[in-house]
Structures are given as C-alpha cells and as structure tokens.
Amino acid sequence: MYDLAIIGAGVIGSALAYTLSAYDLRILLIEKENDVAMGASRANTALIHAGFDPLSESLMGQLNVEGMRRCYELCRELDVEHRNTGAMVLAFSKEEEETLEVLFQRGLANGCRGLEIISGQAAREKEPHLSGEVFAALWAPEAGVINPWEFTLAMAEVAVRNGAELRLNTEVTGLAREGTVWRIETGGEDRGIRARFLVNAAGVESDRIHNMAAPPAFQILPTRGQYYLLDRTVGPLVHSILFNTPTRAGKGVTVSPTIHDNFLIGPDSEIICDRTDTGVTRSALDEIARLARRIIPSLDVRASIRNFAGVRANSCHNDFFIDMAAEGFLDLAAIKSPGLTAAPAIARLARDLLEEAGLSMTKKEKWTGGRKVVRFKEIPEAERETFIRDHPLYGRVICRCEAITEGEIVAAMQREIPPVSVDRMKRRAGTGMGRCQGGFCGPRVLEIMARETGRDPLEIEEDGRGSYILTGRTKE
Ligand SMILES: Cc1cc2nc3c(=O)[nH]c(=O)nc-3n(C[C@H](O)[C@H](O)[C@H](O)COP(=O)(O)OP(=O)(O)OC[C@H]3O[C@@H](n4cnc5c(N)ncnc54)[C@H](O)[C@@H]3O)c2cc1C
C-alpha cells in the first residue's frame, strides 16, 4: 500500500515526486511509457517564461513567477542545462505597442522584475538581425531557456534516489474507491495498486483520468504545436527569446536559442482529435517560417535539422485545473504553457493541498538532494588530458557533432533511471542532438547500450515501446 500514487511522469508528476520525496511517505510514480518526460514535457519550446503573459487572476498567473524563480534554483542544484537569455515581445504597430503596455502592467502585477518597454532601435541593438519593422519591444530579463527533459529527469532521479518508486510501461486503465483507499487498475499483471492518495498528472490524458475518479469537470482540447530546429551553423541568429505580440490564439511563433546553441522556430497552434498526433505538416511549417521571417527577415529554414511537434493539454477553462476533485484525489490537470516553468510552484501548491486533505508530512531524517553531470565539452582544455588519463572512456568521442564521449554514455547508464532506448540516451547524454541527428553515432550508441546492459542489440529500441531498430542478424 502506498501513501501516494502519482499518475504521469512528466515534469508535473516528477516535480511532485521530487518535492514529496523529502517526506516520510511511500510514493509511487506511474508512467505508461518507457521513460519519464515522454509527453508534452519532451516536446515544447523549452522556455522559462518570465511571467508577464498569463492573467493575474489565473492559476497560471499566480504560479508562473514563483515557478520561474524556483526553476533557476533547481537547475543550479540539479545541474540541469539552462541559460538566462531574457525575452522580447515585439510590436510591429502602434496597436501592438498598446498590448505591450498591458503585458508590462500584468507582468508587474504577477511579480516580474526588470521589465522595460524599449524602442525598436534599442531592440535591434540587442538583436542585430531583428526586422527593421519592429516598432517597440517589451524586454523581460528573467526569461530563459532550459533542457526540459533533463529538468524532468533530474527531479525524478532525486525522487527515486530518496525512495520513490517509478513504475514505467504501466498504464492506468481504471480507478476505484475502496473505503479510504484508491485501487488503481493497470493493463499489466498488477491486479490493482493501492494508495491512500492519488494525483492525476496525466497531461493530455488528464480529463480521462479525472473522469475515472470524479464527475466530468473539464475537457482537454489537445492542441498541437509544430517546430523547426535550426542548426547552429546559421551563426548567432538570436541571443534572446523573441515573441510576436500574443493574440487570443496564444503566444504565437517564437524564435529562440536552445541550450545547445541551435535555434527553435515555432510553435503554431492547432486543435487536433488524436491526442497522440505529433506529426508535422508542410502547410503549418510554411506558415511558421513566414511568421518567423517577420521577426528575423534573413532567417533561412534550409538550416533545419529536425521538425517536431508537441501536444498541449489546453482545456475549456483556459487555465490549469488544480483541485481536490474527490476524497484523496488531486487533479494537477490541463497543465498547458507555462506548465514547464510553473512545475516547481505547482508541486509546492500540490504539497499544501495534500497536507490540508490529511496526508501527513513528516520530513525524512535523511534526504539526499543535488546532482552532478560530467559534460566533457565543458571541461577546460587544460584539464582534459588529466581527466582522460583518470577516466579513459572520456577520451573516445562517440557523437562527433556534439562531442559526446563514451564516458558520458556509460555514466548515463549508471544513473538512478537508466535510458532504455537510443532516443532516451539522446535526452540524457546529448548524443544525436547535433547536425546529423544520430545518423553517425546512433549505431555506436546502440552497441554501447547493449554491451553495458547485457541486452541483445535486437531488443534496443529507437524511442517508444516497440520502435526496434534492428530486425535480425545477417551473420552469426
Ligand atoms: C508545443 C508546446 C510548447 C510549450 N512550451 C512551453 C514553454 O516554452 N515553457 C513552459 O513553461 N511550458 C511550455 N509548454 C507547456 C509544458 O510543456 C507543459 O505544461 C508540461 O510539460 C506539462 O507537463 P505534464 O507533466 O502535465 O504533462 P506531460 O509531460 O504530458 O506528462 C504526462 C504523462 O502522463 C502519462 N500518462 C498519461 N496517461 C497515463 C495513464 N493512463 N497511465 C500512466 N501514465 C499516463 C504520459 O505518458 C505522460 O508522460 C509547452 C507545451 C507544448 C505542447
């Protein structure tokens, strides 16, 4: 019997598991996929939002700034890749300039610091490639970029290190209240998992999970956003995050640097029927390129190394849905943007709500936080030789585009939540993140993963369950 079960190991479920792992609780984190961060937490714009966009009276407005500040702290504590770049919202007309003033006032009310409305000329001094048509801009120095899957993974790793149990490949198919306990049905062998408290952090599936426990209260409107990822060879295109002025449809297309010095262009916003549809379309990508060229006229999407899409858990309420919806049942549902940024604040709020609902919070005597990752390319040149002498595997570069060594791949295999697929290694060590997108290093990564785990190479998947890479042996 668990004190608490969390359904969904995205950034929200992982942030809550991390927060509650400091208390004397038996925690279970249940995830239907083969790793953490397999939903919206892996495919998004990866921005730490400053907090000027959401309405102050919304939960999004109340949790964004707290989450943003805690995000930076956690990135430092957990050695998560991030950069405080600042962001600009661009106005191309007098009318859009008026919207900047609204965002400025809202940002102040939400607790943002350092906001400024600057002239088009001042904006171009910060960003030389910016369109000459930009009239004015809202400068938000607290915004930044983050590695979203590393953020999720780092919190889940610390939770597991401190006793939380992570059950992957386990889909919740039904919930039943038995006295004071929840029985959780999963498709697999488990004939029901029992927990006193249950948290719904199931992303785009959160309305379905909610409906298993309580009367319908909200509906998810899955909303796809597509992207271009441009290679860093285009040069220093932008230094900060550039937004068009938002409209009712959302924050609009963004041009931003990534933590790996590439550039992300997107997303659009399209309500879809199939919640799992992360396909991309020519027409949407063309429109994204057109809107991005409005910001940076010289932008050339031929430098694209990947297109991808993520699905937002937008809902009919246009806000996060956070509520004790039934006895012992907490919804952390419909967590759309800025959910990545707000995750630590959502976890703090969830902790308070669970305590109010009767979950006893006694701090553990011993809790081991922190996390350190060796990134070979960050080791100063002068120290590399000595480091390689002591750790020879770091002397073999496996991913040439990103300069990732065998040592980093093996280290990722030895962490609390080892990767099971080549793509999951990419999310941890960074192999295949660069220009060739794994074309060269993929087979070598597969070999090392098979060697380190003793698994048959035929069993190693590219990404999700069943995505096998090799189909058979040609020679014995
Ligand atoms: C296109 C796009 C751009 C975005 N950009 C930003 C941004 O720049 N900054 C920002 O702050 N936010 C951004 N967001 C929002 C942010 O990504 C999300 O708010 C956040 O990732 C939501 O996390 P989550 O844990 O609720 O959902 P998810 O990450 O989707 O996790 C839910 C998990 O639940 C699992 N699950 C579902 N059903 C079941 C079941 N029955 N049994 C077991 N497990 C189940 C899923 O497999 C999944 O892993 C963006 C989102 C999108 C889609």
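Treat the numbers as computed from the prediction; the structure is a model and nothing was measured.

1. Focus: the overall build of the chain
Helix and strand content of the chain: 12 helices and 22 strands. A principal-axis box enclosing the C-alpha atoms of the chain has dimensions of 65 × 60 × 45 Å. Here the contacts in the chain between residues at least 6 apart in sequence split such that 72% fall between residues at least 24 apart. Accessible area for the chain stands at about 20400 Å²; split by element, carbon and sulfur atoms hold 50% of it. Where the 58 positive side-chain charges of the chain centre and where its 67 negative ones centre are 2 Å apart.

2. Thoughts on the site of the ligand
Neighbouring the ligand are 37 residues; Glu31, Ser41, Leu47, Ile335 and Thr341 lie closest to it. Backbone polar atom of Val172 to a nitrogen atom of the ligand: 2.9 Å apart, as the coordinates give it. Protein contacts shield 96% of the accessible area of the ligand, which totals 1000 Å² for the unbound molecule. Mapped by element, the contributors of at least two residues to the shell around the ligand are α1 (11-20), β18 (304-315) and α8 (339-356). Split by domain, the shell around the ligand shows at least three residues from each of two domains, domain 1 (1-84 + 145-219 + 316-372) and domain 2 (85-144 + 221-311).

3. Notes on the pairing of strand β15 (residues 254-257)
Of the two faces of β15, the one holding Thr254 and Ser256 and the one holding Val255 and Pro257 are both buried throughout. Note that strand β14 (residues 241-244) and β15 share 2 bridges and pair antiparallel. Bridge pairing in β15 links Leu242 to Val255. The sheet contact formed by β15 and strand β16 (residues 263-266) spans 4 bridges and is antiparallel. Looking across to β16, one finds that Pro257 is bridged to Phe263. What sits between β15 and β16 in their antiparallel hairpin is a turn of 5 residues, with Asp261 showing a positive phi close to 70 degrees.

4. Concerning the side chain of Glu408
Summarising the element assignment, Glu408 is placed in helix α10 (residues 406-413). No salt bridge is formed by the buried Glu408, whose closest oppositely charged neighbour, Arg375, lies at an N-O distance of 6.6 Å. Sequence-distant contacts of Glu408, that is, excluding residues within four places in its chain, are made with Val374, Arg375, Phe376, Tyr394, Ala403 and Ala429.

5. Thoughts on the side chain of Asp463
Structurally, Asp463 is set in the segment after α12 (442-453). Here Asp463 falls in the buried class, since its relative accessible area comes to 18%. Discounting residues that sit within four places of it in the chain, Asp463 has contacts with Asn34, Met38, Arg42, Ser421, Asp423 and Arg424.

6. Some remarks on the domain arrangement of the chain
Considered domain by domain, the chain is made up of domain 1 (1-84 + 145-219 + 316-372), domain 2 (85-144 + 221-311) and domain 3 (376-459). In this structure, domain 1 and domain 3 have C-alpha centres spaced 29 Å apart. Summing both partners gives a buried area of about 1200 Å² for domain 1 against domain 3, and 50% of it is carried by carbon and sulfur. The tally of links from domain 1 across to domain 3 stands at 5 salt bridges. For Arg424, the salt bridge goes to Asp35, with nearest N and O atoms at 2.6 Å. Between domain 1 and domain 3 we count 9 residue pairs in polar contact (both at pLDDT 80 or more) in total. When grouped by side-chain class, the residues that make up the side of domain 1 that touches domain 3 number 8 nonpolar, 1 polar and 6 charged.

So, how was this worked out
Residues numbered from 1 in each chain as written. Predicted model: local features only at pLDDT ≥ 70, side-chain atom pairs only at ≥ 80, totals over all residues. Heavy atoms only, no water. Helix = DSSP H or I, 4+ residues; strand = E, 2+ residues; numbered from the N terminus. Contact = heavy atoms within 4.5 Å. Areas by Shrake-Rupley, 256 points an atom, 1.4 Å probe, with all protein chains shown as cover. Lys, Arg positive; Asp, Glu negative; His and termini not counted. Charge placed at Lys NZ, Arg CZ, Asp CG, Glu CD. Near = heavy atom within 4 Å. Polar contact = N/O pair within 3.5 Å; in protein donor to acceptor, adjacent residues only side chain to side chain. Domains from an automatic or database assignment. Buried < 20%, exposed > 50% of the residue type's maximum accessible area, 1.4 Å probe, protein only. Pairing = 2+ DSSP bridges. Salt bridge = Lys/Arg side-chain N within 4 Å of Asp/Glu carboxyl O. Buried area = accessible area lost by both parts, 1.4 Å probe. Nonpolar A, V, L, I, M, F, W, Y, C, P; charged D, E, K, R; others polar.

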